[in-house]
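Tertiary structure, described
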Amino acid sequence: IREADALRVVGAAAAAQGKTEAASDAIDRALTLARAFGSSLIEAEALHVRATLKRSSGDDEGARADAQSALAIYDRLGATVARESLAEWLRSDAS
C-alpha cells in the first residue's frame, strides 16, 4: 500500500513538472497496486491525478472517465472533501 501511495505522489509531482511519460507510468503502477491490495482511497486519488494528467494532454473524455470513477469511490468512502474538490474540477472543465 505504501508503494502505491508513494507512486501516486511521484506521478503527481512528475505531472506538475510536465514529465508526462514518467507521471503516467507511476500512476498506472499506483493504480495496479492499489487495486491489487484493495486500497480504494489510493485508487481514487491516483485516478484523480490521472484525470488531471489526461486533461493536460488533451484527452478530455479520458479525464472525465477517470474523474467519474474517482468520484464514485469517494462517494462510497464518504470522502466528501476530496469528492467536492474533484467535482469542482470537473465543473471547471465544463465551462
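Conventions we followed
- Residues numbered from 1 in each chain as written.
- Predicted model: local features only at pLDDT ≥ 70, side-chain atom pairs only at ≥ 80, totals over all residues.
- Heavy atoms only, no water.
- Core = buried A, V, L, I, M, F, W, Y, C linked by side-chain atoms within 4.5 Å.
- Buried < 20%, exposed > 50% of the residue type's maximum accessible area, 1.4 Å probe, protein only.
- Helix = DSSP H or I, 4+ residues; strand = E, 2+ residues; numbered from the N terminus.
- Contact = heavy atoms within 4.5 Å.
- Salt bridge = Lys/Arg side-chain N within 4 Å of Asp/Glu carboxyl O.

Our next topic: the nonpolar core. Within soluble globular proteins, side chains that are nonpolar generally end up buried alongside one another. In this structure, Ala-67, Ala-70, Tyr-74, Leu-86 and Trp-89 are the most contacted members of the largest nonpolar core, which totals 25 residues. Broken down by secondary-structure element, the contributors of at least two residues to this core are helix H1 (2-16), helix H2 (20-37), helix H3 (40-56), helix H4 (60-77) and helix H5 (80-94). Not counting residues up to four positions away in its chain, the partners in contact with Trp-89 are Ala-51, Thr-52, Arg-55, Ala-63 and Ala-67.

Mapping Leu-71 onto the fold places it in helix H4. The class of Leu-71 is buried, set by a relative accessible area of 7%. A C-alpha to C-alpha distance of 20 Å links Leu-71 and Leu-7, two positions 64 residues apart in sequence. In this structure Leu-71 touches Arg-83, Leu-86, Ala-87 and Leu-90, once residues within four positions along its chain are discounted.

A word on the pattern of salt bridges. Enumeration over the complete set of coordinates arrives at nine salt bridges. Residues Arg-8 and Asp-5 are paired through a salt bridge, measuring 2.8 Å at the closest nitrogen-oxygen approach. Here Arg-8 pairs with Asp-5, and both are found in helix H1, just three residues apart, close to one helical turn. The exposure class of Asp-5 is partly exposed, given its relative accessible area of 27%.

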